[in-house]
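Structural overview
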Amino acid sequence: MQELFSVPMSDVKKELRRGVIECSKRGLLHTTKWLAEMHHGLSDVHIDNAPPDDDRSFSECQLEGIAPAEYSAYFLAKSYYDVREYDRAAHAVRNCESDVPRFLHLYSTYMAKEKRRLDSTTDQANLNEPNQMRDLTDLLATLRSEYGRSRLDGYGIYLYGVVLKALNLNQAAEQMLLNAISLVPMLWSAYLELSPLIMEKKKLLSLQLGKHWMRHFFMAHTYLELYLNDDGLKIFEDLQAAGFSKSIYITSQMALVYHNKRDVDKAIELFQALLENDPYRLDNVDTYSNLLFVKEMKTEMAQLAHKAVSINKYRPETCCVIGNYYSIRCDHQVAISYFQRALKLNPKYLAAWTLMGHEFMELKNTNAAIQSYRKAVEVNKRDYRAWYGLGQAYEIIKMHYYSLYYFKIAHQLRPYDSRMLVALGETYEKLEKCENAVKCYWKACDVGDIEGIAMYKLASLHEKLGDHETAVHCYLLYCEDERAATDKQSLYQGFMTLANYYEKKGDYERAACYAYKCLDSDDRKNEAKALLKTIDWRRSAEEKKKKSSTTTTMANAETSSEEEMEWEQLDARARGPFTSRDDGGQTTTTTTTTAATATATTSSSSSTGSTSSRQPRTVAEGVRRAQSGQRSSTAPAANSTTTATATTTRFTLEAPATSSTSAAASAAAVAAALDETTTSAAEVTPTSSEQQANNDGSSMEISSVSID
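Presented here is a report on the structure given in the accompanying data block. Sequence order as written defines the numbering, with residues in each chain counted from 1. A pLDDT threshold of at least 70 governs which residues receive local features in this predicted model, and a stricter bar of 80 or more applies before side-chain atom pairs are shown or counted, although totals over entire chains, interfaces and linings include all residues. Values shown for side chains rest on all heavy atoms present in the structure; no hydrogens or waters enter the calculation.

As for the overall build of the protein
Regarding its fold elements, the protein presents 35 helices and five strands. For the protein, the proportion of its 708 residues judged to be buried stands at 44%. Once local pairs closer than 6 in sequence are excluded, the contacts in the protein between residues at least 24 apart make up 61%. Entry remark: accessible area of the protein is about 38100 Å², with carbon and sulfur atoms responsible for 50%. The way it works is that DSSP assigns letters per residue, a run of H or I at least four long becomes a helix, a run of E at least two long becomes a strand, and they are numbered from the N terminus. Remark: exposure states derive from per-residue accessible area (1.4 Å probe, protein chains only) relative to the maximum for the residue type, with buried under 20%, exposed over 50%, and partly exposed in between. Contacts are residue-level and defined by heavy atoms, with any inter-residue pair within 4.5 Å sufficient. Per-residue and other accessible areas were derived by the Shrake-Rupley procedure at a 1.4 Å probe size, with only the shown protein chains allowed to occlude residues.

In structure tokens:
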């Protein structure tokens, strides 16, 4: 935009004024209107006191290009042209040779033929049929002859390009329009005719448009036609900053940008500002009515319709607004009649064809909808709404390959529109091309899901394919923001799927949480209640199971503790005193280890798994236990049996004189039993650690005291 900023705004305003005069002389009404609006937007720039260009006055500019001898014929022809009597205008200047009257003759001839073509066009006729264009062949031959003799100026070359484009000779038309722009850079109509021939951004950037500042308006307009909204918005913002801040055209174009970006609130705000500044403006009012339809603002729609009728009820835009008003009231048949009226006024009115197709879809009239969408495509092949509508219509009649073709074209026109990607994914899914469907759904999520259903479609597809883990992950992403979900039934379906999944996994808390959310749905309420009952039953069963296992554990612990206490009591009984008298007749107390055999045998009836040799309380009982221990040591448990060797110490039992013979006999029996036990236990020599363990608790201590 550096070239634009380097141009003084005073020079820009002078060029606009000169363009208004030149286009007005030639009857180029739309270009004159556009240039006048741009000129009015620069009202803060003052050039009235500046000297005129090339020392020519304003009145001289109005008559430039007209021979003085042809003034009379020109003024007559121009008056006929202004009241749309094109044949009379062309006839009035048929013999003129100067540039302006000659162009007026050719252009009046073209307008007369175009008017006859439109008047004869019916709703069922093809707008581009060859017989409709046959009348232009004579004019084309005349223009080709004039161009060959170099008798056409920039305006004549523009008309030559328009006729070539009407005959679908697009390549030659593009070249002629570029030549016209280079000769007359202020001719806005040439830019508008060239824009539909540009199908991609790469081609737009490669065009040789020169260095004139008007090319920025053309590029911004073409970016909008290509739905490159961000690029177009940036150029318009730069133009506003350069000095066109009061331009009505730029404000309206920015409103269209926000409309394409689906920023409905911002677009409505700009349109309301336009109506405040220019309350009788009907340009783009049909787009404003579409925004009100989307927001379901019925009151504002009714006010807009009444206002449009009061301004001009025979404008196509007015008929479109009234059609949208009846459509929002669900009176589709009346809406169709107003769209048809708009097409009678202008058969190339794109919005009416598309909206009428939508109304036929609401009435389930698929054939009529397809016909309307096809007419819209004939008017403008870049209208993605018409291509998308064709895809939907063929989807209803289950011709999925046709719908796939049309959805692909709509996606090419709007590559970052998630609605086109979701439609493609659904069609691929119906054609059982699940891999392509998954790619479309993921891309729709990446570019920003407008309708909020791409993730749900993806989850349902993974669930259908049996990939439950991925399906659950997608459902979680879909259910994260409940307010973002537009389809509540799909949201409840996700909740129910997650509840069933976590119930099978045993995560009853999360399962119950999602099941409770489904209670708000009338369709899912009974299923959610049944699942909650199942969750409560499973929870009760698990709690009972936990209680029974806890009781069993406590019983085992009590049994084990009772057995240990019994063994400890036996250990306490095993310790007893034994007295002896030494040779000197003095009473002594000696502690000796007589014959303690500790045999540890693994017992299946013991809860602790270990066995210890315990010493009996009395001598006779100890003899019996020693014998039983000797027998048990022969059992096949050598790996788990430890035998400690007891050291035998001879001791003397001397009874006092008053003792009886029975005491001596019992002592002898005890000694014999101990010798026998020592012999049986001497087979294995213990290690030091085992001996230490035996000395701690496994050996029997006998205290010898003298008996008086």
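What to know about unusual backbone geometry
A positive phi angle, near 60°, is found at Tyr227, a position not held by glycine. Summarising the element assignment, Tyr227 is placed in the loop between helix 14 (214-225) and helix 15 (229-244). Of note in the backbone geometry, Lys398 takes a positive phi value of approximately 60° without being a glycine. Residue class for Lys398 comes out exposed when judged on its relative accessible area of 66%.

Quick word on the nonpolar core
Buried together is how nonpolar side chains tend to be arranged in soluble globular proteins. Among buried residues, the Ala, Val, Leu, Ile, Met, Phe, Trp, Tyr and Cys ones that are joined through side-chain atoms within 4.5 Å form a nonpolar core. Tyr110, Leu194, Phe217 and Phe244 are the most contacted members of the largest nonpolar core, which has 103 residues in total. In contact with Phe244, other than residues within four places in its own chain, are Met9, Val12, Met38, Leu42, Trp213, Phe217, Leu239 and Ile250. Of all hydrophobic cores here, the second largest spans 77 residues; its members include Tyr394, Ala444, Tyr508 and Ala515.

Structural notes on the packing of aromatic side chains
When two rings of Phe, Tyr or Trp (its six-membered ring) have centres within 6.5 Å they constitute a pair, described as stacked for plane angles under 30 degrees, edge-to-face for angles over 60, and tilted for the intermediate range. Taken as a whole, this structure holds 29 aromatic pairs when the rule is applied. Ring geometry for Tyr388 against Phe407: centres 5.5 Å apart, planes inclined by 50°, an arrangement best described as tilted. A residue pair is termed long-range when its members are at least 10 positions apart, and Tyr388 in helix 24 (residues 384-396) and Phe407 in helix 25 (residues 400-413) qualify at 19 residues. Relative accessible area serves as the criterion here: at 18%, Tyr388 is assigned to the buried category. An aromatic cluster is present here, built from Trp34, Trp188, Tyr191, Trp213, Phe217, Phe218, Phe236, Phe244 and Tyr249 joined pairwise through their rings.

Thoughts on the side chain of Ser403
Tracing the sequence through the fold places Ser403 in helix 25. With sequence-adjacent residues up to four places away left out, Ser403 is seen in contact with Gly391, Tyr394, Glu395 and Thr427.

Here's the deal with the pattern of salt bridges
Salt bridges, as used here, are contacts in which a Lys or Arg side-chain nitrogen is within 4 Å of a carboxyl oxygen on Asp or Glu. Counted by the stated rule, this structure contains 31 salt bridges. As a salt-bridge pair, Asp44 and Lys246 come within 3.0 Å of each other at their nearest N and O atoms. With a gap of 202 residues between them, Asp44 in the loop between helix 3 (29-41) and helix 4 (58-63) and Lys246 in the loop between helix 15 and helix 16 (248-260) connect regions that are remote in the sequence. Residue classification places Asp44 among the exposed residues on the basis of a relative accessible area of 53%. Among the salt bridges present, the one from Arg151 reaches Glu97, with a minimum N-O distance of 2.6 Å. Here Arg151 is found in the loop between helix 9 (136-148) and helix 10 (154-166), whereas its partner Glu97 is found in the loop between helix 6 (86-92) and helix 7 (99-120), with 54 residues between them in sequence. You can call Glu97 exposed: its relative accessible area is 52%. A single network of salt bridges, built from pairs that share partners, joins Arg18, Glu22, Lys25, Arg26, Glu64 and Asp153.

Quick look at a nonpolar patch on the surface
Only residues above 30% relative accessible area that lack a salt bridge enter a patch, with like-charged residues linked at up to 9 Å and the nonpolar side chains Val, Leu, Ile, Met, Phe, Trp and Tyr linked at up to 5 Å. Nonpolar side chains collect at one region of the surface, where Ile396, Ile397, Met399, Tyr401 and Tyr402 lie side by side and expose about 500 Å² of accessible area between them. Its place among the elements puts Tyr402 in helix 25. Tyr402 sits in the partly exposed class, given a relative accessible area of 44%.

Here we look at the packing of helix 21 (residues 332-345) against helix 22 (residues 350-362)
Convention adopted: a line fitted to C-alpha atoms gives each axis, helices being fitted over their contacting stretch, and angles between N-to-C directions are expressed from 0 to 180 degrees. One way to put it is that helix 21 packs onto helix 22 with a least axis distance of 9 Å and a crossing angle of 160°. In terms of orientation, helix 21 lies roughly antiparallel with respect to helix 22. Between helix 21 and helix 22 lies a crossing of left-handed hand. Contact residues: helix 21 offers His332, Ala335, Ile336, Phe339, Gln340, Ala342 and Leu343, while helix 22 offers Ala352, Trp353, Leu355, Met356, Glu359, Phe360 and Glu362. Along the lines of polarity and charge, the residues of the contact of helix 21 with helix 22 split into 10 nonpolar, two polar and two charged. Orientation categories follow fixed angle ranges, with anything under 35 degrees roughly parallel, anything over 145 roughly antiparallel, 65 to 115 roughly perpendicular, and all other angles oblique. If you view the pair so one helix is near and one far, a crossing is left-handed when the near helix is turned anticlockwise from the far one by less than a right angle, and right-handed when it is turned clockwise. Basically, the charged four are Asp, Glu, Lys and Arg, the nonpolar ten are Ala, Val, Leu, Ile, Met, Phe, Trp, Tyr, Cys and Pro, and anything else, Gly included, counts as polar.

Note that all results are geometric; they support no functional claim without further evidence.
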